[in-house]
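# Reading the structure
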Amino acid sequence: MTPAVIIAQRGIERILSGHLWIYRSDVADASEAQPGDVVRLIDRKKHFWGQALYSSKSQIALRLLTRERREFDRAFLAERIAQAAAFRERVAAGAEAYRLVASEGDLLPSLVIDRYGGCLVLQTLSQGMDKLKPTIVEILQEQFSPGSILERNDAAVRPLEGLPVLKGVLAGEPASQVVVEENGVKFCYDLMGGQKTGGFLDQRENRAAARAYARGRMLDGFCYTGGFAVTLARQCESVIAVESSAEALALARRNQDLNHLANIEWREANCFDFLKAADHDGQRFDTVVLDPPPFARQKSNLESALRGYKELNLRALKMLNPGGILITCSCSFHVGEVDFLEAIASTALDAHRTVGVVERRTQSRDHPILLTVPETHYLKCLILRAM
Ligand code: SAH
């Protein structure tokens, strides 16, 4: 029988609030459970509350899988994966690279599966999901017959679960670099060496949206492998794209060539330094994209994160020509949308610019947001007009 974990009142309240995580401090007794088990959640009176993945190490001790009593077996897991895939047929139709399974957003907490053409890239980010890895690989082969399945289990959260840092081929042909089309533009992704699972798929829809406004002289700050720069280049006279990683820029150059573009200048630099120098030189742009890495990985970093966003956006606003477009992003969950809007508003005042909101966007729809799990809404992307 499935082992039981007794949860305290606060754990029950978490479930009732619609969240999927129960913290270690809200577990009353987990002595029956082994690391990574699927467990039954009960209270002290033996009332059943659901089934969850148990972790013996993480602060998130329990990740809710279902409120149902039905055994969480292979068929149940396969059904959840199929449901996630069916949703992608509606929100990522025609896309060759997208997130097939987005963890909590698909009620499969700590499981990420990204599709890059015929290649699936997997992350199992908790003890429980990691234990299910062989079953997940079988299900993926049955449902999608991919050319290859890779794992990018080198994410920083794995050691917090007591799990090893790994990457490699789980099934099929070893495939590292794949070329896929996105929004009519070709991108080469490095699935083994790139950041995350190779690409920032959460910005796919924002790259397409931004293209509608891009023009003139453009700056792509924190360009990675050229996601925004390459997508927007045809709309612009010239693009300067800034990135600190030489490996990312090597691929960015390749992406420029794949799309027969000649108007992008790549700069290996710290974006903060670059913006400061460009501002002092009196440079002007018509379109600026800012897509920095997360500045607040913890709540305690909120203040310093906001200072970072303000500095970047102040420089950008000062350098924008009248009527210029600023596409500015934050992927720090701890910086809420309101915090971000307020930070940009006060920055606009400092820059003596009146700023209009053209679009208030978030992550692409293949990274679903759950209303009762705030952590699933992490990306903010504002498209602004500086008057
Ligand atoms: N816009 C990209 C994704 C950007 S991710 C896309 O659409 O694909 C953020 C990038 O910022 C990463 O590639 C990271 O290497 C880079 N980066 C982090 N700190 C930086 C800094 N201080 N200066 C320049 N680039 C930086």
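Residues numbered from 1 in each chain as written. Predicted model: local features only at pLDDT ≥ 70, side-chain atom pairs only at ≥ 80, totals over all residues. Heavy atoms only, no water.

## Side note on the pairing of strand 1 (residues 4-7)
Formally: DSSP-based pairing: two strands are paired if at least 2 bridges between them are found. Helix numbering and strand numbering both begin at the N terminus, where a helix is a DSSP run of H or I of at least 4 residues and a strand a DSSP run of E of at least 2.
Where strand 1 meets strand 4 (residues 38-42), three bridges bridge the pair, whose relative direction is parallel. Residue V5 lies in a different strand from strand 4, and its bridge partner there is L41. Note: strand 1 against strand 3 (residues 27-29), two bridges, orientation antiparallel. In the strand pairing of strand 3, I7 is matched with V27.

## Quick word on the site of the ligand
Defined as follows: Any residue with a heavy atom lying within 4 Å of a molecule or strand is counted as near it. Whenever two N or O atoms come within 3.5 Å, that pair is a polar contact, provided that in protein one can donate a hydrogen and the other can accept it, and provided that, for residues adjacent in sequence, both atoms are side-chain atoms. Surface accessibility follows the Shrake-Rupley procedure with a 1.4 Å probe radius. Residue values consider only the protein chains on display as shielding. By the convention adopted, Pro, Cys, Tyr, Trp, Phe, Met, Ile, Leu, Val and Ala count as nonpolar, Lys, Arg, Asp and Glu as charged, and the other residues, Gly among them, as polar.
Within the structure, the ligand sits among 15 residues, and Q195, R207, E243, C271 and D291 are positioned closest to it. Backbone polar atom of S244 to a nitrogen atom of the ligand: 3.1 Å apart, as the coordinates give it. At 3.3 Å from a nitrogen atom of the ligand is found a side-chain nitrogen or oxygen belonging to N270. Coverage of the ligand by the protein chains reaches 89% of its 580 Å² of free accessible surface. When grouped by side-chain class, the residues that make up the shell around the ligand number eight nonpolar, four polar and three charged.

## Remarks on the side chain of N255
Short version of the rule: Only protein chains enter the area calculation, which uses a 1.4 Å probe; residues under 20% of their type maximum are buried, those over 50% are exposed, and those in between are partly exposed. Pairs of residues are marked as contacts when any of their non-hydrogen atoms sit within 4.5 Å.
Within the element layout of this structure, N255 appears in helix 7 (residues 246-258). The exposure class of N255 is buried, given its relative accessible area of 0%. In contact with N255, not counting residues within four places along its chain, are K186, F187, C188, T225 and V230.

## Describing the packing of helix 2 (residues 74-91) against helix 4 (residues 133-144)
We apply this condition: Angles run from 0 to 180 degrees between N-to-C directions of axes, and those axes are lines fitted to C-alpha atoms, restricted for helices to the stretch in contact. Reported orientations rely on four angle classes, namely roughly parallel under 35 degrees, roughly antiparallel over 145, roughly perpendicular from 65 to 115, and oblique for the rest. By convention, the crossing between two helices is left-handed when the near helix turns anticlockwise from the far helix through less than a right angle, and right-handed when the turn is clockwise.
Helix 4 packs onto helix 2 with a crossing angle of 50 degrees between their chain directions and a minimal axis gap of 10 Å. Regarding the angle of helix 2 to helix 4, the classification is oblique. Crossing of helix 2 against helix 4: the hand is right-handed. Residue-level inspection shows R74, L77, A78, I81, A82 and A85 of helix 2 in contact with helix 4, the latter providing T135, I136, E138, I139, L140, E142, Q143 and F144. Broken down by class, the residue content of the contact of helix 2 with helix 4 amounts to nine nonpolar, two polar and three charged.

## Points about the sheet that holds strand 10 (residues 148-153)
Taken in spatial order, the five strands line up as 7-8-9-10-11 in an open sheet, and their pairing is mixed. Where the open sheet ends on each side, the last strands, each with one partner, are strand 7 (97-102) and strand 11 (166-172). Sheet twist, expressed as the average angle between the axes of neighbouring strands with direction ignored, equals 20 degrees. Pairing analysis gives five bridges linking strand 7 to strand 8 (residues 111-116), with the strands arranged antiparallel. Looking at the pairing, R99 lines up with D114 of strand 8.

## With respect to the environment of H260
Along the chain, H260 falls in the loop between helix 7 and strand 16 (264-268). Separated by 117 residues in sequence, H260 and Q143 place their C-alpha atoms 36 Å apart.

## A look at the environment of R307
Tracing the backbone shows R307 in helix 9 (residues 302-319). With relative accessibility at 58%, the residue R307 sits in the exposed group. Separated by twelve residues in sequence, R307 and F295 place their C-alpha atoms 9.6 Å apart.

## Quick notes on the packing of aromatic side chains
The condition that has to hold: A pair of aromatic rings is counted whenever rings of Phe, Tyr or Trp (Trp by its six-membered ring) have centres within 6.5 Å, and the orientation is called stacked for planes under 30 degrees apart, edge-to-face for over 60 and tilted otherwise.
According to the stated counting rule, one finds eight aromatic pairs in the structure shown. Consider the rings of F200 and Y224, whose centres lie 4.9 Å apart with planes at 85 degrees: the pair is edge-to-face. With F200 in the loop between strand 13 (185-190) and helix 5 (204-211) and Y224 in the loop between strand 14 (217-221) and helix 6 (227-232), this residue pair connects regions lying 24 residues apart in the sequence. With relative accessibility at 23%, the residue F200 sits in the partly exposed group. A centroid spacing of 5.3 Å and a plane angle of 75 degrees characterise the contact between Y309 and F340, whose relative ring orientation is edge-to-face.

## Let's talk about the packing of helix 8 (residues 271-280) against helix 9
Packing of helix 8 against helix 9 leaves a shortest axis separation of 10 Å and a crossing angle of 30 degrees. Judged by the inter-axis angle, helix 8 sits roughly parallel to helix 9. Relative to helix 9, the crossing made by helix 8 is left-handed. Contacts from F272, L275, K276, A278, D279 and H280 of helix 8 reach helix 9 at G308, E311, L312, R315, K318 and M319. Of the residues belonging to the contact of helix 8 with helix 9, the class tally is five nonpolar, two polar and five charged.

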